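# Summary of structural features
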Amino acid sequence: MTTMRFQSTRDPGITAGFAAALAGGLAPDGGLYVPQSWPAIAPEDLDGAPDLPALAARLIGPFAEGDALAASMAPICAEAFSFPAPVVDLESGRLAVLELFHGPTAAFKDFGARFLAACLARLREPRSRTLTILVATSGDTGGAVAAAFHGRPGIEVVVLFPKGRVSPTQQQQLTCWGGNVRAFAVRGTFDDCQRLAKQALLDQPLRESRELSSANSINLGRLLPQSVYYAATALALAGSSGAPVSFIIPSGNLGNAMACIWARRLGLPIGEIVLAHNANRTVPEFLDGAPWRPRPSVATLASAMDVGDPSNMERLRALYPDEAQLRGALSACSVDDEAIRARIRADYRRLGRIWCPHTAVAAEAYARLSEGRRRAGRWVLVATAHPAKFREIVEPLIGREIAVPAALAQLFARPSAYREIEADLGALRAALAYEAREAGG
Ligand SMILES: *Cc1c(COP(=O)(O)O)cnc(C)c1O
């Protein structure tokens, strides 16, 4: 039996097994973990899988080979993939939409967060200290991570969000959990939240008082499971002809897109991959031939994609060390807020579909493809969130209320609670200790 290893994007000499890579998050040198070699998975091996959990176990199983978690892959996948990822036809066979918003917090991040939670829960020793998972969020991530870990014994989640800078609907999803999930409204920006989380992970006094980890999107345990819905969609649509399926993916940190690129690397029938970005143009400009120039993010309607320095670029470069090859493997486009609004209005009128602002970026990217490119392939828009999560933006554009899915309605009905803190490590230390005393007392 071979054992899969994962290596850092920076120093390939730094490697870890599956469980260690998930528990560590970042490699010790600050790089991201990528597979040291690619398991040989033939589409035929996956073809007969009866459902998403079975397909997930067959696709991810080889990455866990030789690892402590290998034997649990089937129950882990059953837990993580407990809701569907339907493909809905839009234009008789030419264009479809992959709906990734049927999970507990109505965004695609539920898949990765739930897979990671299912894995970390199984790695806990029965009597070890409580594990505190810190997550800085500008919106969707915090809710998905909180939902995935809520009620799990021996693990608590601390969500850090920028006070006054998330929408009321988002704030509710971050602060409605109670129990083992605590939310801190930080008097600062998202960047302050992220800095605080990083400082806390390295802080000696905190590390002595508790076990700390993070669950941010660069974790391998959030990325790998995202390959599964691309595999399922490509296999279903390619059918017996095997003609490749092309995806348009709303992108920010490139985690969702990276999972699609890995699925293509594994041999699944995937053709073009188009990265649909908002007004944060770092990636589109680079793929068009400009030098790589990360910059501060600008705020847009598709706020979960407001990223000026995408973290998964390191993984992309690791897969395509040659820049010309990298630029040939993908394309990208940038869509500003005005075009997002226009696309939401137009597709509601034309198709009766209501997009969230992120999905609208992908729909607009499709509309901008040349006629020839549109006709050459089968295209799939990736719908990353339910529009009800962004109802403050979408409802005025379409002139009606959006029906709220049952899972979200349940979250909206829960009481909200959070503590406000200054954007400094001392305040975070104190808040963590205070509430721990309260909870323990
Ligand atoms: C996080 C998020 C994205 C961006 O995904 P990345 O993996 O960061 O590229 C797009 N849409 C929604 C709704 C999101 O929550």
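Provided above is the structure to which this section pertains.
The present account deals with the structure reproduced in this document.

## Section: the site of the ligand
Looking at the ligand, there are 15 residues lining it, with K109, D140, G252, N253 and T384 nearest. Interatomic distance of 2.8 Å between a backbone N/O atom of G252 and an oxygen atom of the ligand. Protein chains bury 96% of the 390 Å² of accessible surface belonging to the ligand in isolation. The residue inventory of the shell around the ligand, partitioned by class, reads six nonpolar, seven polar and two charged.

## Describing the packing of helix α11 (residues 226-238) against helix α12 (residues 255-265)
Where α11 meets α12, the axes come as close as 8 Å, and the angle between the chain directions of the two elements is 55°. As the angle between them shows, α11 and α12 are arranged oblique. When the axes of α11 and α12 are compared, the crossing they make is right-handed. Here Q226, S227, Y229 and Y230 of α11 lie close against α12, whose contacting residues are G255, N256, A259, C260, W262 and A263. Classifying every residue of the contact of α11 with α12 by side-chain character gives six nonpolar, four polar and no charged.

## Concerning the environment of A231
Positionally, A231 belongs in helix α11. You can call A231 buried: its relative accessible area is 0%. Sequence-wise, A231 and A339 are 108 residues apart; in three dimensions their C-alpha atoms are separated by 30 Å. When sequence neighbours within four positions are dropped, the list of residues in contact with A231 reads L55, L59 and L268.

## Regarding the sheet that holds strand β3 (residues 33-35)
An order of β2-β1-β3 is seen for the three strands of this open sheet, with the pairing classed as antiparallel. A strand with exactly one partner marks an edge of an open sheet, and here the two such strands are β2 (15-16) and β3. Sheet topology note: the strand β1 (residues 6-8)/β3 ladder contains three bridges and is antiparallel. For F6, the partnering residue across the bridge sits in β3 and is P35.

## Some details on the sheet that holds strand β11 (residues 270-277)
Taken in spatial order, the six strands line up as β4-β5-β13-β10-β11-β12 in an open sheet, and their pairing is mixed. Edge positions in the open sheet fall to β4 (87-91) and β12 (331-334), since each of these has one partner strand only. Pairwise comparison of adjacent strand axes, ignoring direction, gives a mean angle of 25° for this sheet. Of the strand pairs in this sheet, strand β5 (residues 95-99) and strand β13 (residues 378-383) are connected by five bridges, and their pairing is parallel. By the bridge assignment, L98 is partnered in β13 with V382. This element, α12, spans β10 (245-250), β11 and β13 of the sheet and lies at about 170° to β11. Set on the sheet, helix α17 (residues 357-367) makes contact with β4, β5, β10, β11, β12 and β13; between it and β13 the angle comes to about 160°.

## Digging into the packing of helix α4 (residues 73-80) against helix α5 (residues 109-123)
Relative orientation and spacing of two packed helices are given, respectively, by the angle between their axes and the distance between those axes. One way to put it is that α4 packs onto α5 with a least axis distance of 8 Å and a crossing angle of 140°. Considered as vectors, α4 and α5 are oriented oblique to each other. As for how α4 packs across α5, the hand of that crossing is right-handed. For the pair α4 and α5, contact is made by M73, P75, I76, C77, E79 and A80 and by F111, R114, F115, A118, C119 and R122, respectively.

The rules we used
Residues numbered from 1 in each chain as written. Predicted model: local features only at pLDDT ≥ 70, side-chain atom pairs only at ≥ 80, totals over all residues. Heavy atoms only, no water. Near = heavy atom within 4 Å. Polar contact = N/O pair within 3.5 Å; in protein donor to acceptor, adjacent residues only side chain to side chain. Areas by Shrake-Rupley, 256 points an atom, 1.4 Å probe, with all protein chains shown as cover. Nonpolar A, V, L, I, M, F, W, Y, C, P; charged D, E, K, R; others polar. Axes fitted to C-alpha atoms, helices over the stretch in contact; angles between N-to-C directions. Helix = DSSP H or I, 4+ residues; strand = E, 2+ residues; numbered from the N terminus. Parallel < 35°, antiparallel > 145°, perpendicular 65-115°, else oblique. Left-handed = near helix turned anticlockwise from the far one by under 90°. Contact = heavy atoms within 4.5 Å. Buried < 20%, exposed > 50% of the residue type's maximum accessible area, 1.4 Å probe, protein only. Pairing = 2+ DSSP bridges.

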